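Examining the three-dimensional arrangement
This is what each chain is made of:
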Number of protein chains: 2
Amino acid sequence: MKIELINIGDELLIGQTINTNASWLGSFFAERGVRIYKTTVITDERDDILNQINAAVDRSDVIIITGGLGPTKDDITKKTLADFFNSPLVMNEEMLTKNTAYFARSGRAMLQINIDQALVPECCEVLINENGTAPGMLFRHGKTLIFSLPGVPYEMKAFVENQIFPILQEEFEITDIYHESVMTTGRGESFLADKIEDWENRMRNDSLSLAYLPSPGIVRLRVSSYHGKKDTEKVKAYIAELVDILGDDYYGREGETLSGVVGKYLSKLGMTLSTTESCTSGSLASEIVKTPGASKYYEGSLLTYSYAMKTHLAGVAPEIYETHGAVSQECVEAMALGGKERLKSDFCLATSGIAGPDGGTPEKPVGTVWLALAHPNGVESKLFHFPGNRERNIHMSVLAALNMLRLHVLKNHNI
Amino acid sequence: MKIELINIGDELLIGQTINTNASWLGSFFAERGVRIYKTTVITDERDDILNQINAAVDRSDVIIITGGLGPTKDDITKKTLADFFNSPLVMNEEMLTKNTAYFARSGRAMLQINIDQALVPECCEVLINENGTAPGMLFRHGKTLIFSLPGVPYEMKAFVENQIFPILQEEFEITDIYHESVMTTGRGESFLADKIEDWENRMRNDSLSLAYLPSPGIVRLRVSSYHGKKDTEKVKAYIAELVDILGDDYYGREGETLSGVVGKYLSKLGMTLSTTESCTSGSLASEIVKTPGASKYYEGSLLTYSYAMKTHLAGVAPEIYETHGAVSQECVEAMALGGKERLKSDFCLATSGIAGPDGGTPEKPVGTVWLALAHPNGVESKLFHFPGNRERNIHMSVLAALNMLRLHVLKNHNI
């Protein structure tokens, strides 16, 4: 099946909107063994739209068009498709009823342009929009299927997941792919590849495939079978073995975050966490509270940005930063211990480093970060050298701090 | 001048990488009065590349190709262009010398694939890469200019800014556009349009144009002249008048952030700031310290995520949240006053709200946020109802808090 994507919208071409629809669709279909082989972004102009559809119907089995279905005059996709198929616009009563009810509920008057949202070319199969007012449309041109969808991301996604993919599964032979992923942190791809080499060779010889999916600080390892759900047990057995081999480098299943895993451990142990942040300046706290229910185990944070506040809030003795500087093992350990005591928690993570862009020195270049964990039996700390820009260094510091706590808990508690 | 863009790379089509190059290029050219009218993303496959170039040379004056210039086997753009132009690959000595020096400096051995990076089709004009090892290339096909650039964003951007745009200015008639922008916050587009209507009509009648460029919490107003630098004084006069009309809704010139403006004011006054955060959970601190030199006026933050910490760290009396809840005027004012006292600062901003997705009630739905500012003469507070998801509500709370301080300073101090 050859799928191509046409995104219509001036806002994409002038860079006002980043084309996240294209990346979401690319990844949605890739995960299901189908590749979008071409994506074209064009203006809201009739000739451009007609030319593009004309070219696409001759080479592709499926065309997904997004955008240009809004109620205003600059959105002309529907009208242009009606002309292309030489099919008059007719009112779709189901969509009209739904839209009328929506306007009534929100207490807004329905203008003519709102009513006209429910018009569709007579020849199309209407796809009801569960999340908005513009209907989706399916046209057939010879053997080619042409879908037209709104550009609003969550409307478009619901159409693809709930209506379009099921139609494609029915009308085309789509390889039934079965995936399972595990999440790792703290190691690069080449280190992992080396560590799991034997296992990887065996699973590949057993007709499975493996993808390394890296993002900053995290590598996701995805095992796929092209025999679909039939291979579920086989994939699960390899995954179990992989988790064993990875040991501490494994932190969770697909979709789990480090913050979530740490939260799960703390909840299970009935223990609490606080933070004393300098270089991460709130990002560590922010990541921790992204996990629903974090208020059960997370006490809060001291943001000790200045020397004075390190002393005043976390009780760091001035001699420490005067002698060793704020970015030092001594200071970060004092911050963790002080935070733990002042915030009355079982654990306290502290960060002190040079995130950049300024503040680096030859001895402590940008990316130098000390992390410490105060725990019920004392304190431990570790030095990191991150190679990134400010944003990346802060992100890596946050993940490394959470990982430090995760590894400590795994080693010292029964999880 | 008709420009089209071709992005080559499987990673874009399977959604592993978001196509930020396309949005950056779109915005770069739009700001200079030139529109990219079509963007196509294709695979790293020879036939797809050849077909796309063949179609593009017949319809466009300028083609910018990005991607596929890496040293590994899957990057075939250069070889395919050599075939398209029937031109043998030859060594570019300048690029080779530069790359050899780079490898020597970083102490890495130069492999054959690294040496081959400096090969280029004989017929092209070589554009030296100041930020990487892959040369850029300019081909001419009839009157069409074809640029091939690496897909690495900062390498691509430097090529476009320093080499490609100057070439286009020389070879095409590009309207010389002159822009100036002002930044506003706290008001929507329609409110602003109403407020500046007379001014807008006058400037439009005077051959200038205006764009409303909204992003969450901020609207940038951009005045443009299509007569270029000749109109500098005229644009500046209208901008001065606009700033007057906008009053407090204006906060700074293009590129200025609210955090930067607040920092400028505090530095000028020699006054200090702290924060007591609940629903923004570190994001306010994080935004404040993005401004270089923030350590001069920013003392730090108390993250009082739990009830206990509101009391323990910020000294909020338990009766307050027991009677009114944490998301209340009483609680947020106590947090601001407590933070100001404990952190010994002149100002303290406090946030307490329901960011979502959980925690909403009929009386206090998701998006309900109380903000308070403790200042040398007391405390003020304000209730907001943001309509967004968690991330958006936190972002809007951060901007609204900074704006609260900005407005207070403007009203009560000599700036």
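Residues numbered from 1 in each chain as written. Chains lettered and ligands numbered in written order. Predicted model: local features only at pLDDT ≥ 70, side-chain atom pairs only at ≥ 80, totals over all residues.

1. Comments concerning the overall build of chain A
Within chain A one finds 16 helices and 17 strands. Relative to the globule expectation of 22 Å for 415 residues, the C-alpha radius of gyration of chain A, 27 Å, shows a markedly less compact shape. Principal-axis analysis of the C-alpha atoms gives chain A an extent of 80 × 55 × 45 Å. For chain A, with 415 residues in total, the buried portion stands at 44%. Taking as baseline every contact in chain A between residues at least 6 positions apart, the subset at least 24 positions apart corresponds to 66%. (Helix = DSSP H or I, 4+ residues; strand = E, 2+ residues; numbered from the N terminus. Rg over C-alpha atoms; globule rule 2.2 N^0.38 Å. Buried ≥ 20, exposed ≤ 12 C-beta atoms within 10 Å, placed from the backbone. Contact = placed C-beta atoms within 7 Å.)

2. What about the interface of chain A and chain B?
Across the contact, 42 residues belong to chain A and 42 residues belong to chain B. Elements with a minimum of two residues in the side of chain A that touches chain B: α2 (20-31), β2 (36-42), α12 (283-288), β14 (298-304) and α13 (307-314) of chain A. Broken down by class, the residue content of the side of chain A that touches chain B amounts to 20 nonpolar, 18 polar and 4 charged. (Nonpolar A, V, L, I, M, F, W, Y, C, P; charged D, E, K, R; others polar.)

3. Side note on the sheet that holds strand β7 (residues 136-141) of chain B
Read from one edge of the open sheet, 12 strands run β6(A)-β7(A)-β8(A)-β3(A)-β1(A)-β2(A)-β2(B)-β1(B)-β3(B)-β8(B)-β7(B)-β6(B), paired in mixed fashion. The outermost strands of the open sheet, each flanked by one partner alone, are β6 (125-127) of chain A together with β6 (125-127) of chain B. Strand-to-strand twist in this sheet, taken as the mean axis angle between neighbours without regard to direction, amounts to 20°. By the bridge criterion, 5 bridges tie strand β1 (residues 3-8) of chain A to strand β3 (residues 62-66) of chain A in an arrangement that is parallel. Bridge pairing links A:I6 to A:I65 in β3(A). Contacting β3 (62-66), β6, β7 and β8 (144-149) of chain B, helix α7 (residues 153-171) of chain B runs over the sheet at an angle of about 165° to β8(B). (Pairing = 2+ DSSP bridges. Axes fitted to C-alpha atoms, helices over the stretch in contact; angles between N-to-C directions.)

4. Looking at the sheet that holds strand β15 (residues 347-353) of chain A
Strands sit in the order β17(A)-β16(A)-β15(A)-β13(A)-β14(A)-β14(B)-β13(B)-β15(B)-β16(B)-β17(B) across an open sheet of 10 strands; the sheet is mixed. Sheet topology places β17 (378-385) of chain A together with β17 (378-385) of chain B at the edges, where each strand pairs with a single neighbour. Each strand axis lies, on average, 15° off the axis of its neighbour in the sheet, ignoring direction. As paired strands, strand β13 (residues 273-277) of chain B and strand β14 (residues 298-303) of chain B are joined by 5 bridges and run parallel to one another.

5. Focus: the domain arrangement of chain A
Each assigned domain of chain A is listed with its residue range as follows: domain 1 (3-171), domain 2 (178-253) and domain 3 (258-412). For domain 1 of chain A versus domain 2 of chain A, the distance between C-alpha centres works out to 37 Å. (Domains from an automatic or database assignment.)

6. Comments concerning the relation of the copies chain A and chain B
Each copy of the sequence occupies a distinct position, and chain A is placed on chain B by a rotation of 180° and an axial shift of 0.1 Å, giving an RMSD of 0.2 Å. The operation mapping one copy onto its partner corresponds to a two-fold rotation axis. Identified as the residue of chain A closest to the rotation axis by C-alpha distance is A:G282, at 1.9 Å. When the interface residues of chain A are mapped onto chain B, 100% of them again fall at the interface, so both copies present the same face. (Least-squares fit on C-alpha atoms with pLDDT ≥ 70 in both.)

7. Quick notes on the environment of A:M335
Residue and element names in this part refer to chain A. Assignment of secondary structure puts M335 in helix α15 (residues 329-342). For the pair M335 and L313, spaced 22 residues apart in the sequence, the C-alpha separation amounts to 9.2 Å. Ignoring anything within four residues of it in the chain, the contact list for M335 reads T276, T304, K310, A314, V316, A350, S352 and A372.

8. Quick look at the packing of helix α11 (residues 258-269) of chain A against helix α16 (residues 390-412) of chain A
Residues and elements named next belong to chain A. For the pair α11 and α16, interaxial distance at closest approach is 10 Å and the crossing angle is 30°. Comparing the axis directions of α11 and α16 gives the class roughly parallel. Remark: the crossing between α11 and α16 carries left-handed chirality. Residue-level inspection shows L258, S259, V261, V262 and Y265 of α11 in contact with α16, the latter providing L399, L402, N403, L405, R406 and V409. Looking at the contact of α11 with α16, its residues break down into 8 nonpolar, 2 polar and 1 charged. (Parallel < 35°, antiparallel > 145°, perpendicular 65-115°, else oblique. Left-handed = near helix turned anticlockwise from the far one by under 90°.)

9. Here we look at the nonpolar core
A:A336 and B:A336 are the most contacted members of the largest nonpolar core, which totals 129 residues. Beyond its immediate chain neighbours, meaning those up to four positions away, A:A336 contacts A:T276, A:C348, A:L349, A:A350, A:A372, A:L373, A:A374 and A:V379. (Core = buried A, V, L, I, M, F, W, Y, C linked by C-beta atoms within 7 Å.)

10. Some details on helix α5 (residues 93-105) of chain A
It helps to recall that an α-helix has 3.6 residues per turn; residues three or four apart then point in one direction. Its 13 residues give α5(A) an end-to-end C-alpha distance of 18 Å, which sits within 8% of 18 Å, the value for a rise of 1.5 Å per residue. With its phi angle positive at about 65°, A:G107 sits one or two positions after the end of α5(A). (Expected span 1.5 Å × (residues − 1).)

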